[in-house]
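# Coordinate analysis (summary)
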Amino acid sequence: MTQSQTAKFSSYNRIVTFLTAYATIFAGLTRLLQCGTDFIAAFTALKHILPTSTTTKSSPVTTTKNTDFLNLIDLMVSLANRAYLFAVDTASEALQTTFKIEAKAFKTLPEAEQILLAQNVLIALNANSAALIAGYDIAATELTKAAADITLCQDQIAAPSTIIGNNKTFNEEIEAAFVLVDAEIALLESAINGKFKTGPSANTSLISNFAKAKKLVETTKHTALVATITDINNLPIEGATASIALEKETKEGISNIEGIVEVEEFISGTYNVTYSAAGYTTQVISTKFNLGETTTAAIVLSKVV
């Protein structure tokens, strides 16, 4: 993908998160919901194209991505095998079907569907987490890591991002897919603005958050951090703080309803970044920031017990 396409792909993921965060508010809005469904369908089609179109690989990036997917599969199969005992003990046929998976069940699927399968398993794990942690040798930290691994692989699903360039047919197919997604976003924007920008249902916060979701990170020319903060159920945490301890000052930002927080315009270097939210365990992560680049992060916070 080109730099512009990479930035768009990132914004598409944020729009998906936005739609999830505002699902309750959007309930019953038939045409708006259809716009959301059409956008997600177009985005999913794009994700299906990208991995199969990358015929010439960038070894370091591809190796990293492949390793991340293998690590995700290994962890999800391990968790599912242990959780399968719980499904048997509770005589739940639905859970037995969900948890009875092997690595080959993942590896025969496109990367986008591997992520969907992992998400479905994690939803079932989190829904029964208390019992699984208490009696089936599953640790809360493993569930947290599973959520983080899913996010990591989802972010890399289009990687390597700068390789596709030698095959004109593939390029044209990808460009056409991006055009279709952009067209659906335009309709979605019309539906959202029509309902919430003005009039009796005006919601300035919602409109602002949608604009942030659409923002192309490539337009950021200064050093910056963009982090998505979620809980172990992969639900966004609003009001979380990302604080960067610089040499002479501290820069921080607050996450919006989608769990996205931005901290911009600071000197490049390696700093401790503190992620915190009321009722959640604080994380401090040493992060290297390159001059003029936006560093992204997917943070999962666990509730304080």
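See above for the structure.
Overview of the structure. (Residues numbered from 1 in each chain as written. Predicted model: local features only at pLDDT ≥ 70, side-chain atom pairs only at ≥ 80, totals over all residues. Heavy atoms only, no water.)

### Points about the overall build of the protein chain
Check the secondary structure of the protein chain and you find eleven helices and seven strands. Looking at the protein chain as a whole, 42% of its 305 residues qualify as buried. Counting contacts in the protein chain only where the partners sit at least 6 residues apart, residues at least 24 apart contribute 67% of the total. (Helix = DSSP H or I, 4+ residues; strand = E, 2+ residues; numbered from the N terminus. Buried < 20%, exposed > 50% of the residue type's maximum accessible area, 1.4 Å probe, protein only. Contact = heavy atoms within 4.5 Å.)

### Observations concerning the pairing of strand β2 (residues 241-245)
Counting buried positions along β2 yields four of five residues, so the element is predominantly enclosed. In this structure, β2 lies alongside strand β3 (residues 250-254), joined through five bridges in antiparallel fashion. Looking across to β3, one finds that Thr241 is bridged to Ile254. Looking at chain direction, β2 and strand β5 (residues 269-276) are connected through four bridges and run antiparallel. Bridge assignment links Ser243 to a residue of β5, and that residue is Thr274. (Pairing = 2+ DSSP bridges.)

### Considering unusual backbone geometry
Despite not being glycine, Ala91 has its phi angle at roughly 55°, a positive value. Relative to the elements of secondary structure, Ala91 occurs in the loop between α4 (59-89) and α5 (93-99). With a phi angle near 65°, Asn234 is a residue other than glycine that sits in the positive phi range. Mapped onto the secondary structure, Asn234 falls in the loop between β1 (224-230) and β2.

### Structural notes on the side chain of Ser255
Looking at the element boundaries, Ser255 is found in the loop between β3 and β4 (260-264). Within the structure, Ser255 has its side chain in polar contact with the backbone oxygen of Ile237 (distance 2.7 Å). (Polar contact = N/O pair within 3.5 Å; in protein donor to acceptor, adjacent residues only side chain to side chain.)

### Describing the sheet that holds β4
Across the sheet, which stays open at both edges, the three strands sit in the order β4-β1-β7 with mixed pairing between neighbours. At either end of the open sheet lies a strand with only one pairing partner, and these are β4 and β7 (294-300). Ignoring which end each strand starts from, the neighbouring axes of this sheet average 20° apart. Sheet topology note: the β1/β7 ladder contains seven bridges and is parallel. Following the sheet pairing, Leu225 is matched in β7 by Thr295. (Axes fitted to C-alpha atoms, helices over the stretch in contact; angles between N-to-C directions.)

### Some thoughts on the nonpolar core
Counting 31 residues, the largest nonpolar core has Met76, Phe99, Phe106, Val121, Leu122 and Leu125 as its most contacted members. Broken down by secondary-structure element, the contributors of at least two residues to this core are α4, α5, α7 (111-127) and α9 (140-155). The dominant element in this core, judged by the number of residues it contributes, is α4, at eleven residues. Discounting residues that sit within four places of it in the chain, Phe99 has contacts with Ala80, Asn81, Ala83, Tyr84, Ala87, Val121, Ala124 and Leu125. (Core = buried A, V, L, I, M, F, W, Y, C linked by side-chain atoms within 4.5 Å.)

### Some remarks on helix α11 (residues 204-214)
Within the span of α11, buried status applies to Leu206, Ile207, Asn209, Phe210 and Ala213. One side of α11 holds all its buried residues, which, seen down the axis, span an arc of 165°. Between the side-chain oxygen at the start of α11 and the backbone nitrogen of Ser205 there is a gap of 3.3 Å, and the oxygen is on Asn203. (Arc of directions from axis to C-beta.)

### So, the environment of Val226
Inspection of the secondary structure puts Val226 in strand β1. Once residues lying within four places of it in the same chain are set aside, the contact partners of Val226 are Ile260, Val261, Glu262, Thr294, Thr295, Thr296 and Ala297.

### A few points about the pattern of salt bridges
Considering all chains together, one arrives at six salt bridges under this definition. Between Lys214 and Glu189 there is a salt bridge, with the nearest N and O atoms lying 2.6 Å from each other. Note that Lys214 is positioned in helix α11 and Glu189 in helix α10 (residues 168-196), a separation of 25 residues in sequence. The partly exposed category is assigned to Lys214, whose relative accessible area is 25%. On the basis of relative accessibility, which here comes to 27%, the residue Glu189 falls in the partly exposed class. Here Lys215 makes a salt bridge to Glu262, at a shortest N to O gap of 3.4 Å. (Salt bridge = Lys/Arg side-chain N within 4 Å of Asp/Glu carboxyl O.)

### Regarding the packing of aromatic side chains
With the rule as written, the count across this model stands at 14 aromatic pairs. Here Phe18 and Phe26 contribute two aromatic rings whose centre-to-centre distance is 6.0 Å and whose plane-to-plane angle is 55°, an arrangement assigned as tilted. The two residues Phe18 and Phe26 agree in class, both being buried. Between the aromatic rings of Phe26 and Phe196, the centroid separation amounts to 5.7 Å while the plane-to-plane angle is 45°, which identifies the pairing as tilted. Residue Phe26 is found in helix α2 (residues 23-26), and its partner Phe196 is found in helix α10; the two are separated by 170 residues along the sequence. In this structure Phe26 comes out as buried when scored by relative accessible area, which is 1%. Members of the aromatic cluster, joined through ring pairs, are Phe9, Tyr12, Phe39, Phe43 and Phe178. One cation-aromatic arrangement involves Lys47 over Phe43; the distance from NZ or CZ to the ring centre is 4.5 Å. One cation-aromatic arrangement involves Lys100 over Tyr84; the distance from NZ or CZ to the ring centre is 5.1 Å. (Phe/Tyr/Trp six-rings, centres within 6.5 Å; stacked < 30°, edge-to-face > 60°. Lys NZ or Arg CZ within 6 Å of the ring centre and 35° of its normal.)

Remember that the coordinates give geometry; whether it matters functionally is a separate question.
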